[in-house]
Amino acid sequence: MKRNIRIATAVTAGALAIGGVLAVGPVTAGTGGAAPVAEQTMSQGVMADAPHHGRHHGGDMGGIRQHDGTCGGAALAEQGTLTAAQKATLASMAEEEKLAHDLYAAFAERYDVRVFERIAAAETQHLTAVRTLLDRYDIADPTADRQTGEFTDPAVQATHDRLLKQGDDSLRAALKTGRTVETDDIAALTRALSGLTAPDTRQVYTHLLAASERHLTAFEHWTADESDE
C-alpha cells in the first residue's frame, strides 16, 4: 500500500509538471503542422486521474483520481533580442519537444501505462509555447508539416528512430528512454538559458526546464516501481 501511494504521488508530480508548463494560447492535439497562436498567455492545466499502472486498474481502481482544473494564467513576458545562435537554438527546441511528444505517444499506444499519455499531452503544450516564440521572432518552424516521427534535422531523426526502437523492447526500456529524453532536455535547456536575456524566451525555457525536471522524477519513480514487480 505504501508503495502504491509513493508512486501515485510521483505521478501526481508529473501531472503537475504537465500543469506547470507554459501553454501559450490553445493547445492542438497533433504536432504535424505549425500552430502559432495569437493569445499569448500562460495557462496551467492540472491533469486528472493519475493511476498506479494502467494494467492494474479498472476505472479509478489502483490510483488516485483528481479533479480537472486550471490555474490562473499569466501574461507572456515582453519580447527581447535573440542572437543568430539563440534563434537556431529556439528552432532546435521545437524539434526536441516534438521528438519527446512523438516518442511518448508511441509508447502510450504500446504500453498500458498512463505516464506516457500524460506527459505526451504536456509535450504538445511545450511545442505550442515554442512555436509561439518562433512566430514572434519570425523564425521558420522546423516541425511545420512534419508528420509523427518525422523530423527536419537528420540527427534528430536518427535519435528518434534509435530511442523508439530502444523503447519497443519492453516497458522498462520505454521508461528508461523517457528518462534519457528528459535528461537530455534538461541539459539542452540549461545551456540555452546561459547568456539568454530575452524575457519571453527565458520565461518559456524556465517553465520547460521545471516541467522536464518533474517529468524525469515521474519516470524515475515508475522505473523503480517496475523493478519492484
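J.: Outline the environment of glutamate 95, supporting the account with residue identities and numerical values.
T.: If you trace the backbone, glutamate 95 turns up in helix 2 (residues 84-110). For the pair glutamate 95 and leucine 127, spaced 32 residues apart in sequence, the C-alpha to C-alpha distance is 8.4 Å. Beyond its immediate sequence surroundings of up to four residues, glutamate 95 is in contact with Pro142, Thr143, Phe151, Thr152, Asp153 and Val156.

J.: Report on the pattern of salt bridges, specifying residues and quantitative values.
T.: Inspection of the entire model under this criterion finds 5 salt bridges. For aspartate 102, the salt bridge identified is with lysine 98, shortest N-O distance 2.6 Å. Of this pair, aspartate 102 and lysine 98 both sit in helix 2, separated by 4 residues, roughly a single helical turn. Between arginine 131 and aspartate 141 there is a salt bridge, and its shortest N-O distance comes to 3.2 Å. Of the two residues, arginine 131 sits in helix 3 (residues 114-136) while aspartate 141 sits in the loop between helix 3 and helix 4 (154-167), which places them 10 residues apart along the sequence. Each member of the pair, arginine 131 together with aspartate 141, is buried.

J.: If you had to explain the environment of alanine 144 to someone new, which residues and values would you point to?
T.: Tracing the backbone through its elements, the reader meets alanine 144 in the loop between helix 3 and helix 4. With 13 residues separating them along the chain, alanine 144 and arginine 131 place their C-alpha atoms 9.4 Å apart.

J.: If you had to explain unusual backbone geometry to someone new, which residues and values would you point to?
T.: We note that aspartate 138 has phi near 55°; this positive angle belongs to a residue other than glycine. Relative to the assigned elements, aspartate 138 resides in the loop between helix 3 and helix 4. By relative accessible area, which is 72% here, aspartate 138 ends up exposed. With a phi close to 65°, aspartate 145 is a non-glycine residue in the positive phi region. Relative to the elements of secondary structure, aspartate 145 occurs in the loop between helix 3 and helix 4.

Reading guide: rules and limits
- Residues numbered from 1 in each chain as written.
- Predicted model: local features only at pLDDT ≥ 70, side-chain atom pairs only at ≥ 80, totals over all residues.
- Heavy atoms only, no water.
- Helix = DSSP H or I, 4+ residues; strand = E, 2+ residues; numbered from the N terminus.
- Contact = heavy atoms within 4.5 Å.
- Salt bridge = Lys/Arg side-chain N within 4 Å of Asp/Glu carboxyl O.
- Buried < 20%, exposed > 50% of the residue type's maximum accessible area, 1.4 Å probe, protein only.

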